[in-house]
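Chain by chain, the residues:
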Amino acid sequence: MKVRDRFRDWNLLHKSVVAVLAALFVGTVFRMVLVIYAGFEITHEEVVPYNSKTVWSFIVDTKNRERWQGGLVDTQRLMGEPTETGSTRLLFWKQDYKTWHAVEQTTEVLPERLFATVQESDIDQRWFRLELTPEGPCATRVLVTEVIRPVHYNKRFWFFREAAEHDARWDASFAALGRWLARADGSCKVTPEPDTADTTS
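Cut-offs and rules
- Residues numbered from 1 in each chain as written.
- Predicted model: local features only at pLDDT ≥ 70, side-chain atom pairs only at ≥ 80, totals over all residues.
- Heavy atoms only, no water.
- Phe/Tyr/Trp six-rings, centres within 6.5 Å; stacked < 30°, edge-to-face > 60°.
- Helix = DSSP H or I, 4+ residues; strand = E, 2+ residues; numbered from the N terminus.
- Buried < 20%, exposed > 50% of the residue type's maximum accessible area, 1.4 Å probe, protein only.
- Lys NZ or Arg CZ within 6 Å of the ring centre and 35° of its normal.
- Salt bridge = Lys/Arg side-chain N within 4 Å of Asp/Glu carboxyl O.
- Pairing = 2+ DSSP bridges.
- Axes fitted to C-alpha atoms, helices over the stretch in contact; angles between N-to-C directions.
- Contact = heavy atoms within 4.5 Å.

A.B. asks: Run through the packing of aromatic side chains, naming residues and quoting values.
C.D. replies: A full pass over the atoms with the stated rule returns 4 aromatic pairs. Ring geometry for Trp68 against Trp170: centres 6.3 Å apart, planes inclined by 50 degrees, an arrangement best described as tilted. Taken together, the residues Trp68 in helix H3 (residues 62-68) and Trp170 in helix H5 (residues 163-183) connect sequence positions 102 residues apart. Aromatic side chains Trp93 and Trp100 sit 6.4 Å apart centroid to centroid with 15 degrees between the ring planes, which places their arrangement in the stacked category. Using a relative accessible area of 4% as the deciding quantity, one classes Trp93 as buried. Classification of Trp100 as buried rests on a relative accessible area of 13%. Clustering of aromatic rings is evident, with ring pairs tying together Trp68, Phe128, Trp170 and Phe174. When the ring centre of Trp93 is taken as reference, the NZ or CZ atom of Arg126 above it lies at 5.8 Å. The aromatic ring of Trp180 is capped on one face by Arg183, whose charged end is 4.6 Å from the ring centroid.

So, in structure tokens, the structure goes:
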């Protein structure tokens, strides 16, 4: 049976096709407008078996940060220390065969709890926020929130195609953070409390 034969009214088939095409067109236009000023948020959260003081040293110390944060290969100080609000530094990034640099400025700091920055480069603008929440004497919840806004419109429009790549970058970063934390001096150890129960008979 021909497709046309399934419709008693040929105009109904025609209208259905037009409606589908119109919906696709409207959806595409809506996305084109939506991404004009859009930023794309990536979050990653894990609980690591170390105290917040030890984890903090890998967040604000530039050499330690280069060891675990995926794609970051070098850091050069411009003004102030990373723990000072308003301080700036030059970050050098590498992804596959692509390299670029960005100027990063510290926007918020709460020692051993919060480190937030904004980065500006020729390819994107990024808002980076890392929060530490103690979960016990030897456990810290690490929450990373990264908002990326590509400079070029086509990169914003097709950003969803790179989402898995960014997720994988943070998976690798947290794995590296765990390895370096394991080597760190002062990794906390819980000393069991002595048994004070009376064992005498």
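A.B. asks: Pulling in residues and values, what's your account of the pattern of salt bridges?
C.D. replies: The final tally for this structure, using the stated rule, is 12 salt bridges. Arg141 is the partner of Glu45 in a salt bridge, and the nearest nitrogen-oxygen pair spans 3.5 Å. Separated by 96 residues along the polypeptide, Glu45 in strand E1 (residues 40-48) and Arg141 in strand E7 (residues 139-150) bring together distant segments of the chain. Among the residues examined, Glu45 registers a relative accessible area of 44% and is labelled partly exposed.

A.B. asks: Which residues make up the sheet that holds strand E3 (residues 88-95), and what values do they have?
C.D. replies: Spatial ordering of the open sheet is given by E1-E7-E6-E5-E4-E3-E2, a layout of 7 strands whose pairing is antiparallel. Two strands bound the open sheet, and with one partner strand each, they are E1 and strand E2 (72-79). Taking each pair of neighbouring strands and ignoring which way they run, the sheet shows an average axis angle of 20 degrees. Where E2 lies against E3, 6 bridges are found, and the strand directions are antiparallel. In the strand pairing of E3, Thr75 is matched with Leu91. In the packing of helix H2 (residues 52-60) onto the sheet, the strands contacted are E1, strand E4 (98-110), strand E5 (114-121), strand E6 (124-136) and E7, and the crossing angle to E6 comes to about 165 degrees.

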